[in-house]
Amino acid sequence: PFETMARARQLVEPGGPWTYSNAAFTLAGLLVERLRGAPFEQVLRERILAPLGMTRTCTRADEAIFHRVAMRHF
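Quick summary incoming for the structure in this document. Nothing here was measured: the structure is a model prediction, and the numbers come from that model.

**Observations concerning the packing of aromatic side chains**
Then, number 1: The full count for this structure, using the stated rule, is 1 aromatic pair.
Then, number 2: With a centroid separation of 5.2 Å and 35° between ring planes, the pair formed by Y20 and F25 is classed as tilted.

Shown next as structure tokens:
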């Protein structure tokens, strides 16, 4: 993933306007995994979701099917 992103065109300069990017969130997740030495999902649950009491938050579709969730749009 890092090699592919290294070749990607930068759309916004650091410190400039903010823009949503799936790739940036993927990179942030990989960074969390490297720094914490654990899968992103585990770090998310232990450090954010559990302390907030968010016991029904899902990170995968195969978990979400057991809860009432909003459907994606087409």
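**Some thoughts on the pattern of salt bridges**
Then, number 1: With the rule as written, the count across this model stands at 5 salt bridges.
Then, number 2: Taking the shortest distance from any N to any O, the salt bridge between E41 and R60 comes out at 3.4 Å. With a gap of 19 residues between them, E41 in helix α3 (residues 40-49) and R60 in the loop between α3 and α4 (61-64) connect regions that are remote in the sequence.
Then, number 3: Owing to a relative accessible area of 24%, E41 belongs among the partly exposed residues under this scheme.
Then, number 4: D62 is the salt-bridge partner of R60, the closest N and O atoms lying 2.9 Å from each other.

**A few points about α3**
Then, number 1: When we look at burial in α3, the residues that qualify are V43, L44 and L49. The buried side chains of α3 occupy one side of the element, clustering within an arc of 150° when seen end-on. Exposed and oriented more than 90 degrees from the buried face of α3 are E46 and R47.
Then, number 2: At its buried positions, α3 is contacted by α2 (22-36).

**Considerations on α2**
Then, number 1: Between its first and last C-alpha, α2 extends 21 Å over 15 residues, near the 21 Å set by a 1.5 Å rise per residue.
Then, number 2: Remark: G37 follows α2 within two positions and exhibits a positive phi of approximately 70°.

Rules used throughout
- Residues numbered from 1 in each chain as written.
- Predicted model: local features only at pLDDT ≥ 70, side-chain atom pairs only at ≥ 80, totals over all residues.
- Heavy atoms only, no water.
- Phe/Tyr/Trp six-rings, centres within 6.5 Å; stacked < 30°, edge-to-face > 60°.
- Salt bridge = Lys/Arg side-chain N within 4 Å of Asp/Glu carboxyl O.
- Helix = DSSP H or I, 4+ residues; strand = E, 2+ residues; numbered from the N terminus.
- Buried < 20%, exposed > 50% of the residue type's maximum accessible area, 1.4 Å probe, protein only.
- Arc of directions from axis to C-beta.
- Contact = heavy atoms within 4.5 Å.
- Expected span 1.5 Å × (residues − 1).

So, to be careful, I would describe these as geometric facts and stop short of saying anything about function.
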